[in-house]
Amino acid sequence: MSSNGAETEVLIIGGGIIGAAVAYRLTRAGAKVTLVDAAEPGHGTSASSFAWINSSHKRPQAYHDLNVAGIAEHHALAREFAAAPWLNPVGGLSWSTLPAGHERLRQDAARQSEWGYRNQAITLQEAQQLEPGLVLDADKVPEVWYAPNEGWVDAPLLIRTLLAEASAAGATIQPQSKVVAIARSSDRVTGVQLASGATIAVDTVVNCAGPQADAVAALLDWALPLDRLPGLLAVTGPLPQPGHCVCHTDQISYRPDPSGGLVIAHADDLDATIDATTPLTPLPPACAEALNRAARSFPSARAAGIVSARIGVRPLPRDGVTIAGQVPGFRNAYIAVTHSGITLGPLLGRLIAEEITAGTAPAQLAPFHPNRFPPTA
């Protein structure tokens, strides 16, 4: 609510997990919210994410700590609902078949232990109890590292749930509504214009446009340093024995899919063979290689085959860490963009909403403030 007691008119640009979380929190705080999305809310990057919640390889420590808090926020959010079928806190398993890989995993685990992150060495037998579909070679894999606090999220389901709650509380959700101009007066945003020609007056605007966050920032004459990284996800058919954990090998990662198959992803060399415009029919050749790599440790995946693929274009701030908070030079414009959108979505949604309603920046976001990228002179 604004200081004079009137409803605050907030426009959120982008209906991925962060935008949905901001909308949910602001409507609960009493704001009048409109969320616009250039396509369909929940159908962009968030829906094509590997959706691994973790802080496994996050640096520096401030970013690691933010992601740890992001994992905790998922559990806190789940407690707000009678059921949270989107949250799968199943743990993460990592291993290598290469001596250099063994050493890297040990060094990572030692650093994580210093920072209070649980990641412990377990035997192959213990790993196979956690993930019965695994078949590992004891001569090549001396140990498996287990991070019990990790897991994965059914991001489309979570987004639908958050937006349904926001809508029930009075939020307006507008798909197919691309923002093409932002009106301002001095250091305040006053409204936005949509591609349809419609205009919306606002008290506050929040840029949650993911890989298009830099294009939205440019409407405020702000050159936001953001890269876009396409990533391939290959999905198998249903398995006789569905997977359980999030698994990471030297060359590929995989986790369960709600369909009963596996989602296979995170191979830099395979991602380099696709881009945002790569056709998915027929399946890209990289899908066959992704399946081969997963089947080396999860053999039943081979017979299930690849039945579909998705390409997610992930935003990456050029210094590698989250950008969240008040836009430099503006009193009523905010941004939240990160490469760790699924892990951080609910946390950033709550913190940005708190900053808007309280008028003060949360200390937790201080290392990630947008003022490290000043606006264009």
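Refer to the structure presented above.
Residues numbered from 1 in each chain as written. Predicted model: local features only at pLDDT ≥ 70, side-chain atom pairs only at ≥ 80, totals over all residues. Heavy atoms only, no water.

(A) Spotlight on the overall build of the protein. The secondary structure content of the protein amounts to 10 helices and 20 strands. Its C-alpha radius of gyration of 21 Å places the protein within 12% of the 21 Å reference for a compact globule of 377 residues. Referenced to the eigenvectors of the C-alpha coordinate spread, the extents of the protein come out at roughly 70 × 45 × 45 Å. Here the protein, with 377 residues, has 55% of them falling under the buried criterion. (Helix = DSSP H or I, 4+ residues; strand = E, 2+ residues; numbered from the N terminus. Rg over C-alpha atoms; globule rule 2.2 N^0.38 Å. Buried < 20%, exposed > 50% of the residue type's maximum accessible area, 1.4 Å probe, protein only.)

(B) Seen up close, the nonpolar core. With 47 residues, the main nonpolar core has I12, L26, V33, V206 and I352 as its most contacted residues. Looking at this core, the elements with two or more residues in it are β1 (9-13), α1 (17-28), β2 (32-36), α2 (61-80), α5 (155-168), β20 (333-337) and α10 (341-358). I252, L270, A290 and A309 belong to the second-largest nonpolar core, a separate cluster that totals 32 residues. (Core = buried A, V, L, I, M, F, W, Y, C linked by side-chain atoms within 4.5 Å.)

(C) Layout of the pattern of salt bridges. Within this structure, the stated rule accounts for 16 salt bridges. Linking E73 and R350 is a salt bridge whose minimum nitrogen-to-oxygen distance equals 2.8 Å. On the criterion of sequence distance, the pair formed by E73 in helix α2 and R350 in helix α10 is long-range, its members being 277 residues apart. Given a relative accessible area of 24%, R350 falls into the partly exposed group. In this structure, D221 engages R184 in a salt bridge whose closest nitrogen and oxygen atoms are separated by 3.0 Å. Of this pair, D221 sits in the loop between α6 (213-218) and β14 (226-236) while R184 sits in strand β10 (residues 179-185), and the two are 37 residues apart along the sequence. Salt bridges sharing partners connect three or more residues here, namely R59, R104, D108 and R111. (Salt bridge = Lys/Arg side-chain N within 4 Å of Asp/Glu carboxyl O.)

(D) A look at the state of the cysteines. Evaluation of the coordinates by the stated rule reveals 0 disulfides. The closest cysteine sulfur to the non-disulfide-bonded C247 is located on C245, 5.7 Å from its own sulfur. (Disulfide = S-S within 2.5 Å.)

(E) Structural context of the packing of aromatic side chains. Scanning the entire structure with this criterion turns up 4 aromatic pairs. With 6.2 Å between their ring centres and 55° between their planes, Y63 and F368 make a pair best called tilted. Of this pair, Y63 sits in helix α2 while F368 sits in the segment after α10, and the two are 305 residues apart along the sequence. The residues Y63 and F368 share a single accessibility class, namely buried. A centroid spacing of 5.7 Å and a plane angle of 80° characterise the contact between Y254 and F298, whose relative ring orientation is edge-to-face. In this pair, Y254 is assigned in strand β16 (residues 253-256) and F298 in the loop between α8 (286-295) and α9 (300-304), connecting sequence segments 44 residues apart. Here Y254 falls in the buried class, since its relative accessible area comes to 0%. Judged by relative accessible area, which is 0%, F298 ranks as buried. Stacked on the ring of F50, the Lys or Arg R255 has its end atom at 5.7 Å from the ring centre. (Phe/Tyr/Trp six-rings, centres within 6.5 Å; stacked < 30°, edge-to-face > 60°. Lys NZ or Arg CZ within 6 Å of the ring centre and 35° of its normal.)

(F) Region of interest: the packing of α1 against α5. Relative to each other, α1 and α5 sit at 30°, their axes nearing to 8 Å. When the axes of α1 and α5 are compared, the pair comes out roughly parallel. The element α1 and its partner α5 pack so that their crossing is left-handed. For the pair formed by α1 and α5, the contact residues are I17, A20, A21, A23, Y24 and T27 on the first element and L158, I159, L162, L163, E165 and A166 on the second. Across the contact of α1 with α5, the residue classes tally to 10 nonpolar, 1 polar and 1 charged. (Axes fitted to C-alpha atoms, helices over the stretch in contact; angles between N-to-C directions. Parallel < 35°, antiparallel > 145°, perpendicular 65-115°, else oblique. Left-handed = near helix turned anticlockwise from the far one by under 90°. Contact = heavy atoms within 4.5 Å. Nonpolar A, V, L, I, M, F, W, Y, C, P; charged D, E, K, R; others polar.)

(G) Here's a closer look at the sheet that holds strand β19 (residues 323-326). Pairing in this open sheet of 6 strands is mixed, and the strands run β9-β2-β1-β13-β20-β19 from one edge to the other. With one partner strand each, in any of the chains shown, β9 (172-174) and β19 form the two edges of the open sheet. On average, each strand axis in the sheet is tilted by 15° relative to the strand beside it, whichever way the strands run. For β1 and β2, the ladder comprises 5 bridges, and the chain directions are parallel. Each residue of the ladder has a partner; that of L11, found in β2, is T34. (Pairing = 2+ DSSP bridges.)

(H) Structural view of the pairing of strand β7 (residues 144-147). Residue alternation in β7 divides its side chains into two sets, V144 and Y146 and W145 and A147, and both sets are buried. Across 3 bridges, strand β5 (residues 92-94) lies against β7 in antiparallel orientation. Each bridged residue has a counterpart across the sheet, and for S94 the counterpart in β7 is W145. Here 3 bridges tie strand β6 (residues 120-122) to β7, and the two strands are oriented antiparallel to one another. Considered in β7, the bridge of A121 is made with W145.

(I) Examining the packing of α1 against α2 more closely. At a minimum axis distance of 14 Å, the contact between α1 and α2 shows a crossing angle of 50°. Taken together, the axis directions place α1 and α2 in an arrangement best described as oblique. Read as a crossing pair, α1 and α2 show a hand that is left-handed. Seen from α1, the contacting residues are Y24, R25 and R28; seen from α2, they are E73, L77 and E80.

(J) Quick peek at unusual backbone geometry. With an omega dihedral of -5°, the bond running from R59 to P60 counts as a cis peptide bond. Within the secondary structure layout, P60 lies in the loop between β3 (52-53) and α2. A cis geometry characterises the amide bond from T281 onward to P282, with omega recorded as -5°. Residue position: P282 is located in the loop between α7 (268-271) and α8. Of note in the backbone geometry, S186 takes a positive phi value of approximately 60° without being a glycine. Among the structural elements, S186 can be located in the loop between β10 and β11 (188-194). Residue class for S186 comes out exposed when judged on its relative accessible area of 69%. For D221, which is not glycine, the phi torsion reads 60° and is therefore positive.

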